[in-house]
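Observations on the three-dimensional arrangement
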Amino acid sequence: MDWLPTSASTFAPQVDSILWLVTIISVVSCILVGFLLIYFVVKYRKRSDNDQTPAITHDSFLETLWTVIPTILCILIFIYGYVYYDKYTTPTKGAYEINVTAQRWSWSFAYPNGKKTFNELYVPLNKPVRLVMQSKDVLHSFFVPAFRVKQDVIGNRYTFINFTPTKEGVFDIYCTEYCGISHSDMLAKVHVVSDVEYAKWESGDSADVENAYAGMAPDKIGEQLYSSKGCVACHSIDGANGVGPSWKNLFGLEREFIDGTKEIADENYIKTSILYPVNPPQGKVVKGYAPVMPSYQGLLTDSEITAIIEYIKTIK
Ligand code: HEC
Ligand SMILES: [Cu+2]
């Protein structure tokens, strides 16, 4: 039975060993205390009515012992933890740097070659990676259980994570700092791929993305993008109001904006809303909503936007 999540970075075994150490110390102490408790209750029970408790005030030897042993254990745990904490906060020379931006309620990643991804982080296998992270709004926290790394992401200041992935595959990224109503949707994936695949992915352009959808109908692609690009965090498809308006029956609807103007929600309106959600002159904020939608300029290709529009048309 696996007690812990997959272990997929160089830190994972180290963090696990500390966790096991602390767990074993706790279990052993718990059993010891429990056993002594029961033993003393039985041994020193009141045997008769004139049984007197002797007036023992203290025992210097025992008191020293039960102070010194736990102190040594705590110091050991601290040193053990500190050594690894130090390693994980110190950058490795030549690490591959990726910029991470957290925003309610999504993650975006910018790579050294100018590539950008949204809610999908790509890292090469067995290469040290350094994440340089910041938040555009509130406190978030970047957590990859499989790598055993977690770090708060805050505004106006960079925070960092260093790790070396050791296993190919797709792992979960969570936000672990409560950051508002769609906090639990602030999920992303990290893809650990081999060197060869990574180079291919890095040099690939958006054509790659289109190939990934080969043979799929545009509305189905749009449906996938709806979750993978994080629209799901703010837009429902069942008519329920979220942070943003629902997409149900959106296509063809007349929209009223906070500046009092109106427009029919057609292809161009939807595309403009995705690229310039809030900034005038193109951007118009739908009446009754806050101007919080992030711009997807540079994060969605034209054909992806078309696919999303096709998908929105199907939501009736
Ligand atoms: C952080 C929450 C958030 C996310 C994530 C988000 N949106 Fe929005 N969106 C909003 C809000 C709020 C509005 C309404 C205010 C406005 O018009 O800017 C809106 C408006 C829209 C509109 C106009 C809708 C209408 O009913 O008139 C479209 C189209 C749209 N978003 C598409 C998308 C797509 C596509 C994605 C994902 C790629 C996305 N949004 C992700 C919050 C979000
Ligand atoms: Cu968050």
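What counts, and at which threshold
- Residues numbered from 1 in each chain as written.
- Chains lettered and ligands numbered in written order.
- Predicted model: local features only at pLDDT ≥ 70, side-chain atom pairs only at ≥ 80, totals over all residues.
- Heavy atoms only, no water.
- Salt bridge = Lys/Arg side-chain N within 4 Å of Asp/Glu carboxyl O.
- Helix = DSSP H or I, 4+ residues; strand = E, 2+ residues; numbered from the N terminus.
- Buried < 20%, exposed > 50% of the residue type's maximum accessible area, 1.4 Å probe, protein only.
- Donors = N, O, S within 2.8 Å, 3.2 Å for Na, K, Ca; no water.
- Tetrahedral: all angles 85-135°; square planar, octahedral: opposite > 155°, others 65-115°.
- Near = heavy atom within 4 Å.
- Polar contact = N/O pair within 3.5 Å; in protein donor to acceptor, adjacent residues only side chain to side chain.
- 1 Å grid on protein atoms, 1.4 Å probe; cavity = no way out; pocket = protein on both sides within 12 Å on 5 of 7 lines; lining within 4 Å.
- Sits in = over half its atoms within 2 Å of the grid points.
- Nonpolar A, V, L, I, M, F, W, Y, C, P; charged D, E, K, R; others polar.

On inspection of all chains with the given rule, the structure shows nine salt bridges. A salt bridge links K287 to E256; the shortest N-O distance between them is 3.4 Å. Here the residue K287 occupies a position in the loop between α6 (267–275) and α7 (302–314), and E256 occupies one in strand β11 (residues 254–256), the gap between them amounting to 31 residues. Its relative accessible area of 31% is what places E256 among the partly exposed residues.

So, about the coordination of the iron atom of ligand 1. Within the protein, the iron atom of ligand 1 binds to H235 (NE2) and M293 (SD); these donor distances fall in the range 2.0 Å. If you look at the iron atom of ligand 1, its six donor atoms make angles of 88 to 179° with each other, and the shape they trace is octahedral. Taken together, the positions of H235 in the loop between α5 (218–228) and β11 and M293 in the loop between α6 and α7 put the pair 58 residues apart, joining distant regions of the chain. When its relative accessible area of 13% is taken as the criterion, H235 is described as buried. We classify M293 as partly exposed; its relative accessible area is 27%.

Listed as protein donors to the copper ion (ligand 2) are H140 (ND1), C175 (SG), C179 (SG) and M186 (SD); their distances from the metal cover 2.0 to 2.5 Å. For the copper ion (ligand 2), the four donor atoms in the first shell make angles of 93 to 125° at the metal, so the coordination geometry reads as tetrahedral. Counting gaps between the donor residues of the copper ion (ligand 2) yields the pattern H-x34-C-x3-C-x6-M. By relative accessible area, which is 0% here, M186 ends up buried.

Glancing now at the site of ligand 1. Lining the immediate surroundings of ligand 1 are 29 residues, of which C231, C234, H235, Y269 and M293 lie closest. For ligand 1, an oxygen atom lies 2.4 Å from a polar atom in the side chain of Y269. Here P277 contributes a backbone N or O atom positioned 3.2 Å from an oxygen atom of ligand 1. Most atoms of ligand 1, that is more than half of them, are within 2 Å of grid points of the largest cavity. Take the shell around ligand 1: its biggest share by element is four residues, from α6. Here the shell around ligand 1 is built from residues that sort into 22 nonpolar, four polar and three charged.

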